[in-house]
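Summary of the model geometry
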Amino acid sequence: MRAAIRTGLLGTTITFTKDFQAPSSSHSALRPNEVLLHVKSAAINPVDYKLPRLIGGKIIGIDVSGVVDKVGSDVTSFQAGDQVFGRAIDGKGKFSGSLAEYTTANVDEIAKKPEYLQFEEAASLPTAYLTGLQSLRDAGNVKKGSTVLIIGASGGCGIAGVQLAKAIGAGRIVGICSGKNFDFVRSTGGITELVDYTDNDVMQKFLEDNVGVFDCIYDTATGSGAGEDYVSLMMKLLNKDSGKYVQINGNGSDWARTFAGRQQPQRTLVMTDKNGKPKLEEIATLLESTGAKPCVIVKPFDEKELEEGFNELKGRRTKGKIVFNIGRDE
């Protein structure tokens, strides 16, 4: 089968192949809590090129949508033919890989695809939107009427944050991104204000006018790979009593404090929870309630497009999510 795999000494080289062995289609080969998926679409995230083979597995990718082909012996919530989306994590909790024609998935990591979403759109949801919901509502305590600042508003996680904040009921949603991306962010729905980080005068005025204002700052940019660090600049914008600063990336010391349980007051570094099925279902309901859909850049699944897609992702200037069509035309 066609697949994108990790090769090289450390397993960090991305390679396209047409003859990777597909998972066995026999019922006995599946773990009791697994399904075999015929993959229709798969989205990519920065973690996909950062993880070595030892951690990320042989096949690249986490986010997936597809059709159930076979079910394990203990599976009662899905049957062959069901259209689903979620994370390609197997019955032992290991990454099984989504950039392939077939993959396996733990039933606790997938949900039935909503009818209002295409396979490409559904595949773009899991990582970005699970992280967003956990960051905003759970860690950030965002609720109806909250004031929210989203840093990196035009990226995949930023757009997810804007749409989820709107669906949760936030009253003021401000996004920080490049001015050239303003129209794109506005088109996704939900944003109330935008700030151009490339305009020093505009940024300075925004910082002066919004001290202590925000209930939650959702930072999708700090620590994302090019030395960005908004924390010291933006912390003063938090409500000093109850505000939450939530990051999805950080440096080594940030992660060390997180694992040691010594995070700074009002500041949280989020790791996405396992067993995502209930939240995937909730995300689909939240988006449908506002009519929002994810923004996707759809590519065919071949060697040339795979290389271009990851180069665009590494360039950190993509608007929305890159998704590969793997089995959509079959």
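So, here's what we can say about the structure.

The rules behind each value
Residues numbered from 1 in each chain as written. Predicted model: local features only at pLDDT ≥ 70, side-chain atom pairs only at ≥ 80, totals over all residues. Heavy atoms only, no water. Core = buried A, V, L, I, M, F, W, Y, C linked by side-chain atoms within 4.5 Å. Buried < 20%, exposed > 50% of the residue type's maximum accessible area, 1.4 Å probe, protein only. Helix = DSSP H or I, 4+ residues; strand = E, 2+ residues; numbered from the N terminus. Contact = heavy atoms within 4.5 Å. Salt bridge = Lys/Arg side-chain N within 4 Å of Asp/Glu carboxyl O. Lys, Arg positive; Asp, Glu negative; His and termini not counted. Polar contact = N/O pair within 3.5 Å; in protein donor to acceptor, adjacent residues only side chain to side chain.

1. Regarding the nonpolar core
Core analysis: the largest hydrophobic core is formed by 43 residues, its most contacted members being Y129, L136, V142, I150, V185 and L287. For this core, the elements supplying multiple residues, two or more each, are α4 (126-139), β8 (147-151), α5 (156-168), β9 (172-177), α6 (182-187), β11 (216-219) and α10 (277-290). Sorting elements by how many residues they give to this core places α5 first, with seven residues. Excluding its chain neighbours within four sequence positions, the residues that come into contact with Y129 are S124, I159, A160, Q163, L164, I283, L287 and P294. V39, I44, I60 and V75 belong to the second-largest nonpolar core, a separate cluster that totals 27 residues.

2. Section: the pattern of salt bridges
Opposite charge on two side chains allows them to pair when their charged atoms are near. What the rule picks out here adds up to 17 salt bridges. Across the salt bridge formed by R31 and D90, the nearest N and O atoms sit 3.7 Å from each other. Of this pair, R31 sits in the loop between β2 (13-17) and β3 (34-43) while D90 sits in the loop between β5 (83-87) and β6 (102-106), and the two are 59 residues apart along the sequence. Judged by its relative accessible area of 32%, R31 falls in the partly exposed class. Across the pair R186 and D183 runs a salt bridge whose closest N-O atoms are separated by 3.4 Å.

3. Regarding the side chain of D82
Tracing the sequence through the fold places D82 in the loop between β4 (63-71) and β5. For the buried D82, no salt bridge exists, and the shortest N-O distance to an oppositely charged side chain is 4.1 Å, to K112. There is a polar contact of 2.9 Å between the side chain of D82 and the backbone nitrogen of Q79. Setting aside anything within four residues of it in sequence, one finds D82 in contact with G66, V67, V68, S77 and K112.

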